[in-house]
Structures are given as C-alpha cells and as structure tokens.
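One-letter residues, chain by chain:
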Amino acid sequence: MSLLLPRGWCGVAAARGLLVSRGRVSGSHVCNQYGTSGSLPGEKKELLQNGPDLQDFVSGDLSDKSTWAEYKGNLKRAKGERLHLPPWLKTKIPMGKNYNKLKNTLRSLNLHTVCEEARCPNIGECWGGGEYATATATIMLMGDTCTRGCRFCSVKTAKNPPPPDPQEPYNTARAIAAWGLDYVVLTSVDRDDMPDGGAEHFAKTVSHLKERNPKILVECLTPDFRGDLKAVEKVALSGLDVYAHNVETVPALQRKVRDPRANFEQSVRVLKHAKEVQPGVISKTSIMLGLGETDEQIYSTMKLLREADVDCLTLGQYMQPTKRHLKVEEYITPEKFKYWEKVGNDLGFHYTASGPLVRSSYKAGEFFLKNLVEKRKTKAI
C-alpha cells in the first residue's frame, strides 16, 4: 500500500515528484529539469501536465475523482445488507512530523483526543497542518470513558469512570503552548457522574490557555450537561471564542441514535443559552447524514438551528465505527453534500462545512472560524 502525506503539506508535492513554484505546482517542471519527460509513457506525461495545482494541495483535494462517477455499488442499505465503502470515503494513512509530534506530546502528558478515541477519518489531515493550515487536535478532557452510550459513538462507556486528572487543565495548556497553535478545540466525554458535568474543568482549561497565550482562539465542544444551564453559562463565560454542541441528527432519529438522556430540544437550549449569556460568542453544531433521515427532515432541522441563532453548521457522513454500532443506512454523494452546503449558506449560516469526511471539529472549519472570530472581535460582523 502506498503512503501519502497528510493534506495541506507541500511535502505531498515532493512525494509525488512535483515542484512548488510561485503558487503553481507543475509536474512538467520536474520532468524538464531532469530531462526525463521523453522517457515517460504518454499517459503519465498527460497526468503530470494536467496534474494538481497549489490550490489542490491547500484544499487537500487530492483523491482520484474520476472513479467516483463509475462507482456502481449500492448507496442505500437493503434489509440484512452491509454497504461497501464508496471511493470518496477512503482516506490516507496518517503520518508526518506534526502528526508524530502531537501524538508524542499527548502521550507524555497523559492527554486524550477525540480524534483517536472516536477513530476520526481526518486525523492525519488535522494533525498534519502545514504551511497553509493550522494543525488542529481536538483535546478530549476528563478522560476517555463516557457515562452515556450513544449508538453511533465508539468512545468507551462506564457508569462511574475514573475521576478526572486535576492537573489536566494545566497540562493541556502546556501541551498546546508547546505546539504553537493559534486555534484549539476542547471537547469532553459526558460526565453525568460529576455535579456540574465537568463545566468547571472546561472553564479552568480555557483560563489556563488564555493566560499562556491571550491571542489563542478556543472552541469548546461541550456535552449537554443534562440541560443544566448554569453549567452552560460557566463554560460560555470562561473566555472561549466558539461554543459548540452537537445535535448529531434530525429530531425524528434522536431516540434511535443518541443516549436516552439526550434530545434535540435540550441541545438547542444549550446552544441558545450560550449566546444569551455571551452574545459575542460564535455558536456551532453538527449533523451526521446517512442514518436514514429524509431530505425534508434535514432541511427542517437546518431551519430550526438557524432560527435558534446557530452561526455555524457542519454536515458529514455517518460511518459505522464497529459492528456493534448502528449500520450506515445510506452513503451520501459529494454532490449532495455540496447541495446542503448551498442550502446552509442560503439559510444564513455564517459558515456551512458539508462533505463526506467533514466532522464537527474539521480543520477547514477552524480555519474559517479563526477569521470569523477575529472579524467579530473588530465588530466587522
């Protein structure tokens, strides 16, 4: 199996025999420089001449789309069937300097990331970073064991997980300072065993981060705190820049997909209350597609979220983490995801990230949100 560097790295160009030069990547430059173009088969010459440009590497859009239209596999699941993975959902093996640096730092400080625990397909891309994108690791606070059992999630569960590490807020700030990031995402497992659901732990971590680097932008992707609005308030007023909480799916599928203690209305209340107590904060949520929802349900959900003054929305493909979890009912095509992105923008979301591999902590979203936060701070929007 061939190995590819994570998206956003100019090292990809080198790995594929391409040269970066004044905003353009051209394979023919390399061929001419070494006098090898004459020995290449016509097919490969054409591939190099019509190869990706710099924007492809910046966006990470390097997969072979020519095979997508030819894909003849089923996209909707029939009873008793398990769907095969379509080509647009096949990702690269994570590797690279930033990836290894982040992994080593996390292990040495006993920190966890949702990227690893939830088996995110974008781990190589987000941790890779590069010249044109900030490396992003979503730190998972308060351990790697959740008190809830959602049917889509592969994070470990227990009724009484080990107590959180009291040094974790400090260690997290120390690790992020070592990485030199300018945007970080903090999330956590559900901790229904703690009186405030871990809200104070979140707030302390944000405080330590801002003390070390006042310019750093912090997003907190929180649980619903069992609907405790005082806990929501504690996090919203901690100094964070983006308050995120995921509704996960359309209202009609909440009971099937999420733990019974979670529901759509409670999640929307969390998002609304964060904005009520801190109007300058940017709110964000995420929906998984492919669980059996209809187009009408997706559109209705997006409208409800916008009416709740949610600023940013991400939509991505649900992927079954293990055989014990909910089966994928449908693989949504990249074209349909593009359609939902347009719908989101038309509805008035400041940002809609919609794509098969988009996740709630997707780095393209962070890149945009960084600019959005800075604009809002200068009263531009």
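Coordinates for the structure precede this section.
Residues numbered from 1 in each chain as written. Predicted model: local features only at pLDDT ≥ 70, side-chain atom pairs only at ≥ 80, totals over all residues. Heavy atoms only, no water.

Draft legend 1. Geometry of the overall build of the chain. Each helix and strand counted, the chain has 15 helices and 12 strands in total. By residue count, 50% of the 381 residues in the chain fall in the buried class. Expressed as a percentage of contacts within the chain between residues at least 6 apart in sequence, the contacts between residues at least 24 apart total 73%. Looking at the chain as shown, the accessible area adds up to about 18,200 Å², and 51% of this sits on carbon and sulfur atoms. (Helix = DSSP H or I, 4+ residues; strand = E, 2+ residues; numbered from the N terminus. Buried < 20%, exposed > 50% of the residue type's maximum accessible area, 1.4 Å probe, protein only. Contact = heavy atoms within 4.5 Å. Areas by Shrake-Rupley, 256 points an atom, 1.4 Å probe, with all protein chains shown as cover.)

Draft legend 2. Here's a closer look at the environment of Ser283. Within the secondary structure, Ser283 sits in strand 10 (residues 282-289). In sequence terms Ser283 and Leu221 are 62 residues apart; their C-alpha atoms lie 9.8 Å from each other. Looking at Ser283, its side chain comes within polar contact range of the main-chain oxygen of Asp309, at 3.3 Å. (Polar contact = N/O pair within 3.5 Å; in protein donor to acceptor, adjacent residues only side chain to side chain.)

Draft legend 3. Structural detail: helix 14 (residues 334-347). With 14 residues, helix 14 should reach 20 Å at 1.5 Å per residue; the first-to-last C-alpha distance of 20 Å fits that figure. Residues of helix 14 that are buried: Pro334, Phe337, Trp340, Val343 and Gly344. Buried positions in helix 14, seen along its axis, are confined to an arc of 165° and lie on one side of it. Along helix 14, exposed side chains directed more than 90 degrees from the buried face belong to Glu335, Lys338, Lys342 and Asp346. Buried residues in helix 14 make contact with strand 10, helix 13 (295-307), strand 11 (312-317) and strand 12 (351-354). Positioned one or two residues after helix 14, Gly348 has a phi angle of 105°, which is positive. (Expected span 1.5 Å × (residues − 1). Arc of directions from axis to C-beta.)

Draft legend 4. Looking closely at the pairing of strand 11. Buried residues dominate strand 11, accounting for 6 of its 6 residues. Of the two faces of strand 11, the one lined by Cys312, Thr314 and Gly316 and the one lined by Leu313, Leu315 and Gln317 are each fully buried. Direction of pairing for strand 10 relative to strand 11: parallel, over a ladder of 6 bridges. Paired with Ile287 across the two strands is Leu315, which belongs to strand 11. The parallel pair strand 10 and strand 11 is bridged by helix 13, and the resulting crossover is right-handed. (Pairing = 2+ DSSP bridges. Right-handed = clockwise from strand over helix to strand, strands pointing away.)

Draft legend 5. Geometry of the packing of aromatic side chains. For the structure shown, the criterion picks out 2 aromatic pairs. For the pair Phe202 and Phe225, a centre-to-centre distance of 6.4 Å together with 85° between the ring planes defines the contact as edge-to-face. One end of the pair, Phe202, is in helix 9 (residues 199-212); the other, Phe225, is in the loop between strand 8 (217-221) and helix 10 (229-236), with 23 residues separating them in the sequence. With respect to burial, Phe202 and Phe225 carry one shared label: buried. Aromatic pair Tyr339 and Trp340: ring centres 4.9 Å apart, planes at 65°, arrangement edge-to-face. The class of Tyr339 is partly exposed, set by a relative accessible area of 45%. The cationic tip of Arg306 hangs over the ring face of Phe349; the distance from NZ or CZ to the ring centre is 5.8 Å. (Phe/Tyr/Trp six-rings, centres within 6.5 Å; stacked < 30°, edge-to-face > 60°. Lys NZ or Arg CZ within 6 Å of the ring centre and 35° of its normal.)

Draft legend 6. Highlighting helix 13. Taking 1.5 Å per residue as the helical rise, helix 13 with its 13 residues ought to reach 18 Å, and the 18 Å between its terminal C-alpha atoms agrees with that figure. Where helix 13 is concerned, the buried positions are Ile298, Thr301, Met302 and Leu305. Down the axis of helix 13, the buried side of the element spans an arc of 100°, and every buried residue falls inside it. Those residues of helix 13 that are exposed and aimed more than 90 degrees away from the buried face are Glu296 and Glu307. Those residues of helix 13 that are buried are in contact with helix 12 (264-277), strand 10, strand 11 and helix 14. Once helix 13 ends, the next one or two residues include Asp309, with phi positive near 70°.

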